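Structure assessment
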Amino acid sequence: MRAFGGAARGCSALINISMATQQFESWHLADQFVTAKGAKTCLLTVEGKPFTFQPSERVTCPFGISSWEEDSARKNLELRCTPELEEFFGGLDAWAVAYIAQHSNRLLKKQLSVETIRENYKPTLNKKADYPALLRTKINASGPKALRFWDEQGKATEEPQDWRSVECTVQLHVKNLWIMGNSFGFTIECSDLQVHEPTHACPFGALAAACPLKEINDEEARAKNRCIVAS
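Residues numbered from 1 in each chain as written. Predicted model: local features only at pLDDT ≥ 70, side-chain atom pairs only at ≥ 80, totals over all residues. Heavy atoms only, no water.

**Here's the deal with the environment of Ser67**
- The residue Ser67 is located in the loop between strand E6 (65–66) and strand E7 (74–80) in this model.
- With 71 residues separating them in the primary sequence, Ser67 and Lys138 have C-alpha atoms 9.9 Å apart.
- Non-local contacts of Ser67, meaning those with residues more than four positions away in its chain, are made with Ser72, Arg74 and Lys75. (Helix = DSSP H or I, 4+ residues; strand = E, 2+ residues; numbered from the N terminus. Contact = heavy atoms within 4.5 Å.)

As structure tokens, this is what we get:
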């Protein structure tokens, strides 16, 4: 297995976020394609390549991996967004509405207004109250493309036992536009996740060294400028 941060799977290209936000004009959705299972999708490419990137800031995953069907191999993983991710995916959503409206005949097989596109488009971000937005990603729980976990040394590891206690560095693939009935939105897949465990320093180390817990004579303590421990 490759260490985290190496080449992405297949021909995916690691593209810098700041560059991508300035170059949505190079983003392209392919014509609608119907899979063997009847799902409608439009593949996303950037400069002719799949778009995979690694945000520079760590995120949290407050709810862990979830699924409506317990035995499903395709599951959800929601990321609590940093300002960086909110800005990027907010820009992606704005670009998507305008782009899909311009190409609705090709992508959706019918001409739709910007207002209709905005009503039917499912944003990548889920914002509630004053909390940072959540980004819903998809993960593969099994198979050759299963989500891979890495420790801080870049070695393969297991899924965190307590998702609420860790921070994560993630690698994401904005894969395609899904279409279901009148609704549509982007599939964002998390392929790799580096787990950062919390570190805790003992708050008693310095105090214990300065004031050893043993009985000493008051006069001796004053003479030696040491701590006095009451009997």
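Next comes the rest of the account.
**Quick look at unusual backbone geometry**
- Of note, Glu47 is a non-glycine position whose phi angle comes to about 55°, a positive value.
- Residue classification places Glu47 among the exposed positions, given a relative accessible area of 55%.
- A positive phi angle, near 50°, is found at Ala129, a position not held by glycine.
- Looking at where Ala129 falls in the secondary structure, it is placed in the loop between strand E9 (125–126) and strand E10 (134–140).
- On the accessibility criterion, Ala129 (65% relative accessible area) is exposed. (Buried < 20%, exposed > 50% of the residue type's maximum accessible area, 1.4 Å probe, protein only.)

**Examining the layout of surface pockets**
- Put simply, the largest pocket is a space of about 980 Å³.
- Looking at the largest pocket, it is lined by 30 residues, and the ones nearest its centre are Asn76, Lys138, Trp178, Phe186 and Thr187.
- Looking at the lining of the largest pocket, the elements that each hand over two or more residues are strand E4 (40–46), E7, E9, E10, strand E12 (167–180) and strand E13 (183–196).
- Here the element with the most residues in the lining of the largest pocket is E12; it accounts for 5 residues.
- Taken together, the residues that form the lining of the largest pocket break down as 11 nonpolar, 10 polar and 9 charged. (1 Å grid on protein atoms, 1.4 Å probe; cavity = no way out; pocket = protein on both sides within 12 Å on 5 of 7 lines; lining within 4 Å. Points joined across faces, edges and corners; volume = space filled by probe spheres on them. Nonpolar A, V, L, I, M, F, W, Y, C, P; charged D, E, K, R; others polar.)

**Re the packing of aromatic side chains**
- Applying the stated rule across the entire model yields 16 aromatic pairs.
- Aromatic pair Phe53 and Phe89: ring centres 6.1 Å apart, planes at 40°, arrangement tilted. Of this pair, Phe53 sits in strand E5 (residues 51–53) while Phe89 sits in helix H2 (residues 83–102), placing them 36 residues apart in sequence. In this pair, the class of Phe53 matches that of Phe89, namely buried.
- A centroid spacing of 4.9 Å and a plane angle of 80° characterise the contact between Phe88 and Phe89, whose relative ring orientation is edge-to-face.
- The exposure class assigned to Phe88 is buried, which follows from its relative accessible area of 1%.
- A relative accessible area of 0% places Phe89 in the buried class.
- One aromatic cluster is present, built from ring pairs that chain together Phe24, Trp27, Phe51, Phe53, Phe88, Phe89, Trp95, Tyr99, Tyr121, Phe184 and Phe186. (Phe/Tyr/Trp six-rings, centres within 6.5 Å; stacked < 30°, edge-to-face > 60°.)

**Quick look at the nonpolar core**
- Ranked by internal contacts, the top residues of the largest apolar core, which has 48 residues, are Phe89, Ile100 and Leu193.
- With 10 residues, H2 is the single largest residue contributor to this core. (Core = buried A, V, L, I, M, F, W, Y, C linked by side-chain atoms within 4.5 Å.)

**Describing the pattern of salt bridges**
- Within this structure, the stated rule accounts for 8 salt bridges.
- Two residues, Arg58 and Glu167, come together in a salt bridge whose shortest N-O distance is 3.4 Å. Residue Arg58 is located in the loop between E5 and E6, and its partner Glu167 is located in strand E12; the two are separated by 109 residues in the primary sequence.
- Classification of Glu167 as partly exposed rests on a relative accessible area of 37%.
- Via salt bridges that share partners, Arg74, Lys175 and Glu189 belong to a single interconnected network. (Salt bridge = Lys/Arg side-chain N within 4 Å of Asp/Glu carboxyl O.)

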